[in-house]
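Inside the fold
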Amino acid sequence: QVQLVESGGGLVQPGGSLRLSCAASGTIFSFTGMGWYRQAPGKERELVAGISSSGGSTNYADSVKCRFTISRDNAKNTVYLQMNSLKQEETAVYYCNSRFNPGFGVGYWGKGTLVTVSS
């Protein structure tokens, strides 16, 4: 069973940066591709970045390419999302979860961390 705790969100001005962290419990973390997702008010949850279990492969939504960087530290059971040049429309709750089996088959999602981009 995996538990996920996202942190690092907050209020940032347009053009600013934030680094999100996701601490995971459970022995399967290092074998699991992970992703960062976000859900803006009134919109569906979307995948913004993914990373393979080893960290050797990453992928990004077109809207965040060259601005966001996903990384992971398997020794710390943690996945990160560095977000630069943030835009107002990226205000959302950000979640981490399995890249290819979001919800881990049981509909599990952490509480997420709120990112508010506003001047």
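This report concerns the structure included in the present document. Throughout this document, residue positions are counted from 1 along each chain, in the order its sequence is written. Totals for whole chains, interfaces and linings use all residues, but because this is a predicted model, local features are given only for residues with pLDDT of at least 70 and pairs of side-chain atoms are given and counted only at 80 or more. As a rule here, side-chain values cover all heavy atoms of the structure and leave hydrogens and water aside.

**Some words on the pairing of strand E8 (residues 78–83)**
Rules: Any residue under 20% of the maximum accessible area for its type is buried, any over 50% is exposed, and the rest in between are partly exposed; the area is computed with a 1.4 Å probe on protein chains only. Numbering goes from the N terminus for both helices and strands, where a helix is a DSSP run of H or I of at least four residues and a strand is a run of E of at least two. Strands qualify as paired when DSSP identifies two bridges or more between them.
Counting buried residues in E8 gives five out of six residues, a clear majority hidden from the surface. Bridge analysis of strand E3 (residues 18–25) against E8 gives six bridges, and the strand direction is antiparallel. In the strand pairing of E8, Leu18 is matched with Met83. The pairing of strand E7 (residues 68–73) with E8 spans six bridges and is antiparallel. For Thr69, the partnering residue across the bridge sits in E8 and is Gln82. Between E7 and E8, which pair antiparallel and follow one another directly, the connecting turn spans four residues, one of which, Asn77, has a positive phi of 50 degrees.

**Some thoughts on the pairing of strand E4 (residues 34–39)**
Across the six residues that make up E4, a large majority, five, are buried. Sheet topology places E4 next to strand E5 (residues 46–51); five bridges connect them, and they run antiparallel. Within E5, the residue paired with Gly35 across the bridge is Gly50. Here E4 folds back onto E5 in antiparallel fashion, the turn holding six residues, of which Gly42 has a positive phi close to 75 degrees. Direction of pairing for E4 relative to strand E9 (residues 92–98): antiparallel, over a ladder of six bridges. Along E9, the bridge assignment pairs Trp36 with Cys96.

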